[in-house]
Amino acid sequence: MVLPEVLRTLKRLLGNAPTLSGMPMHPRPNPRPSENMRAMVMHAVGQPLRLEERPLPEPGPDEVRLRVEACAVCRTDLHIVDGELPLPLLPVVPGHEIVGIIDRVGSGVKTLRCGDRVGVPWLAHTCGHCDYCGSGRENLCDQPVFTGHGRDGGFATHVTAEAAFCLPLGQTMDAVHMAPLMCAGLIGWRSLRMAGDEARRIGLYGFGAAAHLVLQVARLQGREVHAFTRPGDVRTQTFARGLGATWAGGSDSAPVRPLDAAIIFAPVGDLVPAALRAVRKGGRVVCGGIHMSDIPGFPYRILWEERQLLSVANLTRADATAFLHFVSGRSLRVVSTPYALEQANEALDDLRSGRLQGAAVLVP
Ligand SMILES: [Zn+2]
Ligand SMILES: [Zn+2]
C-alpha cells in the first residue's frame, strides 16, 4: 500500500467512517454569521475545484436562499467535472443533492418560509409551456436548468434556488443521510418505475449510491433484487446481500433465471448487451445514468422477442413527491460517508475510483 493510500485509509478509519441512518451524528455548531459564503468552484474541465469565498447571494423574487446542511456527491458531478456533459455555465459550483435550511426568502415567495428545511434536486427550472411541460414530462423540458450545472449548486455553505423546485422535507432524518435521497434516491425511484410495476425480479448493474437505495425500495415493494458489481468486488457484493439482495456477483455472470428487468447505473456501455442477455422475453433494460461510454454492437437476437431498452432522464417534481411520500415512515438504511466541504475533490476521486460504499456527502 503506497503512502497516500495508507493516509486515506487511516483518515477513513479515524474521521470519515461511513455512517448509518439512526446513528447519532455529532452536532455541528452553526457557522458564525457572516456576509460571505464559501464554495468549491469549478473553473475548467479536468481541474480540481477551488475553494472560494464570495458575498452571500441574494435570492431573486421567486427564489429562496438556503444554508446548506449537506450536499451529496453524484456521478453526474463527476461527468460535469470531467467534461463529459455540455457545460452551460463556467465557473460553476457543482452539487445537486442539497439539504438545507431556508435563511432568506424572495419577495414573491408565498409557499416557503425562513427556517423551513428543503431539498434542492437536479431539476432547478423548467419553462412551463413546452409540449413536455404541458404533458406531465417536465423532466424532458426543452429549456431546463439544472442545479450545479446551469446554476450554482450545493458544494457551498449557501445556495439559492427557485422556490417552486424546492422539496419540503421533514426533520426526521439527519441531513447527511437525507442528501443522497435528492438524486440517487429520486433518479433510482424513476428508474425503478420505468422498469415496470410488473417486474418482480430486478437486476441492478453498478452498486453505488443509487442502487443501494433502489434495492431497499424494491425489497419494500416485495421484489427480488440481483446485484451485479465490478467482477471480483466481493466487498460490494457482501454490502448488497446485507441490504437484502437475493444474489450478488460480478457483472460478467449471468443470472440463474432470466430477470424481468435490469437497471444500469454504472456508466459502462458494455453493460447494455450484458443486461439485454440477462432479461427474459418482453423484459426491459433501463439506463439510469446521464452519460455512458459507447455501447458496443450486439446481435439483434438479444433485443428480439420484445425486449426493451430505454433511458431515464432527470426527474419530475411528481416523482419527488411520490418518492418522498413512499420513504416517509419507512426506515431506509442510507450509507453515507461525510466529507468536509474543502474535501470535495477527494470525495470526487473516491467516487471515481469506486472506493466508496453508498454515497459521499459534503458537510459545510
Ligand atoms: Zn445526480
Ligand atoms: Zn418546458
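Computed from a predicted structure; not experimentally measured.

A word on the overall build of the protein chain
Across its full length, the protein chain holds nine helices and 18 strands. The C-alpha radius of gyration of the protein chain comes to 20 Å, within 12% of the 21 Å expected for a compact globule of 364 residues. Considered along the principal axes of its C-alpha atoms, the protein chain spans approximately 60 × 55 × 40 Å. When burial is assessed residue by residue, the protein chain has 47% of its 364 residues classed as buried. Contacts in the protein chain between residues far apart in sequence, at least 24 positions, make up 69% of those at least 6 positions apart.

Some thoughts on the packing of helix H4 (residues 184-195) against helix H5 (residues 209-220)
The interhelical angle for the contact between H4 and H5, taken along N-to-C directions, is 55°, at an axis separation of 8 Å. If you check the angle between H4 and H5, you find them oblique. Crossing of H4 against H5: the hand is right-handed. Here Ala184, Gly185, Ile187, Gly188, Trp189, Ser191 and Leu192 of H4 lie close against H5, whose contacting residues are Ala209, Ala210, Leu213, Val214, Val217 and Ala218. Its residues assigned to classes, the contact of H4 with H5 shows 10 nonpolar, three polar and no charged.

Thoughts on helix H6 (residues 234-242)
When H6 is considered as a whole, its buried residues turn out to be Thr236, Gln237, Phe239 and Ala240. Taken end-on, H6 shows its buried residues confined to a sector of 155°, consistent with a single buried face. Across H6 from its buried face, at more than 90 degrees, point the exposed residues Val234, Arg235 and Gly242. Taken together, the buried residues of H6 touch H5, strand E12 (224-229) and strand E13 (247-250). Backbone geometry just downstream of H6 places glycine 244 in the positive-phi region, at approximately 115°.

Section: the domain arrangement of the protein chain
One can read the domain layout of the protein chain as domain 1 (14-183 + 315-363) and domain 2 (185-311). Spacing between the C-alpha centres of domain 1 and domain 2 amounts to 26 Å. At the interface, 24 residues of domain 1 touch 19 residues of domain 2. Secondary structure elements with two or more residues in the side of domain 1 that touches domain 2: helix H2 (75-81) and helix H8 (317-327). The class makeup of the residues in the side of domain 1 that touches domain 2 is 14 nonpolar, five polar and five charged.

So, the nonpolar core
In summary, soluble globular proteins display a tendency toward joint burial of nonpolar side chains. The biggest cluster of nonpolar side chains holds 106 residues, and the ones touching the most others in it are Ala72, Ala179, Leu204, Ile263, Ile264 and Ala275. Residue-level mapping places this core at the junction of two domains, with at least three residues from each of domain 1 (14-183 + 315-363) and domain 2 (185-311). Residues in contact with alanine 72, not counting those within four places in the same chain, are Glu97, Ala179, Pro180, Met182, Cys183, Ala184, Ala359, Ala360 and Val361.

Conventions we followed
Residues numbered from 1 in each chain as written. Chains lettered and ligands numbered in written order. Predicted model: local features only at pLDDT ≥ 70, side-chain atom pairs only at ≥ 80, totals over all residues. Helix = DSSP H or I, 4+ residues; strand = E, 2+ residues; numbered from the N terminus. Rg over C-alpha atoms; globule rule 2.2 N^0.38 Å. Buried ≥ 20, exposed ≤ 12 C-beta atoms within 10 Å, placed from the backbone. Contact = placed C-beta atoms within 7 Å. Axes fitted to C-alpha atoms, helices over the stretch in contact; angles between N-to-C directions. Parallel < 35°, antiparallel > 145°, perpendicular 65-115°, else oblique. Left-handed = near helix turned anticlockwise from the far one by under 90°. Nonpolar A, V, L, I, M, F, W, Y, C, P; charged D, E, K, R; others polar. Arc of directions from axis to C-beta. Domains from an automatic or database assignment. Core = buried A, V, L, I, M, F, W, Y, C linked by C-beta atoms within 7 Å.

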